[in-house]
Amino acid sequence: DTAVSQTPKYLVTQMGNDKSIKCEQNLGHDTMYWYKQDSKKFLKIMFSYNNKELIINETVPNRFSPKSPDKAHLNLHINSLELGDSAVYFCASNPGHYNSPLHFGNGTRLTVT
Amino acid sequence: AQTVTQSQPEMSVQEAETVTLSCTYDTSESNYYLFWYKQPPSRQMILVIRQEAYKQQNATENRFSVNFQKAAKSFSLKISDSQLGDTAMYFCAFMRGGDSNYQLIWGAGTKLIIKP
């Protein structure tokens, strides 16, 4: 199936730990994103990559580091996790057309205890 | 900077009724694109409908239609014959034409509950 897939679906960890979320798309899209959705459901863009190049880097703590080994993958690594990092993280991709919808992964619910 | 406002945090209607979700946006651009996304409890993000600003005709997708008022910068979503499966968060989003990052500006969302 063609899709954006991200793993894991759920992630529970303790404060201070380091964790990664992986994202892969087999749609051939050049642009990929990471979004954070907080408890109030507000969507905030974190990063955007175009063909492995960082394009958007919003005000995000530098504990968050995206890694794009190739244009089909965009992983998110988080160091020294804090309680406020608890959220749902979405990966998405765009085919590079203005009228095209984003293709979203199913999200990773991160819970920091 | 562009902003998107959804003034209704939550709405609920009876099954089979028609409901309209409001969305207004602020931009000085003339070329842009508007979207409605749906997020059911499964948390999957699903495109509902999209509208190009240069098109006068309102977009429709089955039971979903928009009322696009460009001068008023309004982009409301109408759901006809609502179904239980329409229960979800609905997000309005704006994309500036010419933005090579294809970045979406999101509204805060409206929680829609369809009651049996």
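None of the values given here were measured: they were computed from a predicted structure.

The interface is formed by 25 residues belonging to chain B together with 28 residues belonging to chain A. Contact between chain B and chain A buries roughly 2,200 Å² in total, counting both sides, with carbon and sulfur atoms accounting for 56%. Of all residues in chain B, the largest losses of buried area upon contact with chain A belong to Arg43(B), Tyr102(B) and Trp106(B), amounting jointly to 34% of the total for that side. At the boundary of chain B and chain A, one finds 0 salt bridges. In this structure, the connection of chain B to chain A is made through 6 residue pairs in polar contact (both at pLDDT 80 or more). Those elements giving two or more residues to the side of chain B that touches chain A turn out to be β5 (32-39), β6 (46-52), β10 (88-96) and β11 (104-106) of chain B. Class assignment for the residues of the side of chain B that touches chain A results in 12 nonpolar, 8 polar and 5 charged.

The full count for this structure, using the stated rule, is 15 aromatic pairs over all chains. Among the aromatic residues, ring-to-ring pairing joins Tyr33(A), Tyr35(A), Phe90(A), Phe104(A), Phe35(B), Tyr37(B), Phe91(B) and Trp106(B) into one connected group.

Another point: the sheet that holds strand β8 (residues 73-78) of chain A. All names here are of chain A. The strand order across the open sheet built from 4 strands is β1-β3-β8-β7, with neighbouring strands paired in antiparallel fashion. On the outer flanks of this sheet lie β1 (4-7) and β7 (64-70), each paired with one strand and no other. Strand-to-strand twist of the sheet, defined as the mean angle between neighbouring strand axes without regard to direction, takes the value 20°. In the sheet, β1 pairs with strand β3 (residues 19-25) via 4 bridges, with the strands oriented antiparallel. Bridge pairing in β3 places Gln-6 opposite Cys-23.

The next subject is the nonpolar core. All names here are of chain B. Of all hydrophobic cores here, the largest spans 26 residues; its most connected members are Leu-21, Tyr-25, Trp-36, Phe-75, Leu-77, Tyr-90 and Leu-112. If you list the elements that add at least two residues to this core, you get β2 (10-14), β3 (19-21), β5, β6, β8 (64-69), β9 (74-79), β10 and β12 (110-115). Here the element with the most residues in this core is β10; it accounts for 4 residues. Those residues in contact with Phe-75 that sit more than four places away from it in its chain are Cys-23, Tyr-25, Leu-34, Phe-35, Trp-36, Gln-51, Val-66, Asn-67, Phe-68 and Cys-92.

Residue and element names in this part refer to chain A. With respect to the element layout, Leu-81 can be found in the loop between β8 and β9 (87-94). Assessed through its relative accessible area of 2%, Leu-81 is described here as buried. Spatially, the C-alpha atom of Leu-81 lies 8.0 Å from that of Arg-63, the residues being 18 residues apart in sequence. Excluding residues that lie within four positions of it along the chain, Leu-81 makes contacts with Thr-13, Gln-14, Met-15, Gly-16, Asn-17, Lys-19, Arg-63, Leu-110 and Val-112.

With that settled, consider unusual backbone geometry. Cis rather than trans, the peptide bond between Thr7(A) and Pro8(A) has omega equal to 0°. If you trace the backbone, Pro8(A) turns up in the loop between β1 and β2 (10-13). Within the chain, Lys41(A) stands out as a residue other than glycine whose phi angle is a positive 75°. Checked against the element boundaries, Lys41(A) lands in the loop between β4 (31-37) and β5 (43-50). We note that Asn62(B) has phi near 55°; this positive angle belongs to a residue other than glycine. Summarising the element assignment, Asn62(B) is placed in the loop between β7 (60-61) and β8.

Below, the discussion takes up the pairing of β9(A). Within a regular strand, side chains alternate between the sheet's two faces. All names here are of chain A. In terms of burial, β9 is a largely internal element, 8 of the 8 residues being buried. In β9, alternate side chains face the same way, and those of Ala-87, Tyr-89, Cys-91 and Ser-93 on one face and Val-88, Phe-90, Ala-92 and Asn-94 on the other are all buried. Here β4 runs beside β9; their pairing, made up of 7 bridges, is antiparallel. Each residue of the ladder has a partner; that of Tyr-33, found in β9, is Ala-92. With 3 bridges joining them, β9 and strand β11 (residues 108-112) adopt antiparallel strand pairing. Across the sheet, residue Tyr-89 finds its bridge partner in β11, namely Thr-108. When β9 meets strand β10 (residues 103-104), the two strands line up antiparallel, connected through 2 bridges. When the sheet's bridge partners are listed, Ser-93 is paired in β10 with His-103.

About the cut-offs
Residues numbered from 1 in each chain as written. Chains lettered and ligands numbered in written order. Predicted model: local features only at pLDDT ≥ 70, side-chain atom pairs only at ≥ 80, totals over all residues. Heavy atoms only, no water. Contact = heavy atoms within 4.5 Å. Buried area = accessible area lost by both parts, 1.4 Å probe. Salt bridge = Lys/Arg side-chain N within 4 Å of Asp/Glu carboxyl O. Polar contact = N/O pair within 3.5 Å; in protein donor to acceptor, adjacent residues only side chain to side chain. Helix = DSSP H or I, 4+ residues; strand = E, 2+ residues; numbered from the N terminus. Nonpolar A, V, L, I, M, F, W, Y, C, P; charged D, E, K, R; others polar. Phe/Tyr/Trp six-rings, centres within 6.5 Å; stacked < 30°, edge-to-face > 60°. Pairing = 2+ DSSP bridges. Axes fitted to C-alpha atoms, helices over the stretch in contact; angles between N-to-C directions. Core = buried A, V, L, I, M, F, W, Y, C linked by side-chain atoms within 4.5 Å. Buried < 20%, exposed > 50% of the residue type's maximum accessible area, 1.4 Å probe, protein only.

Fair warning: the whole summary comes from geometry, so function is off the table for now.
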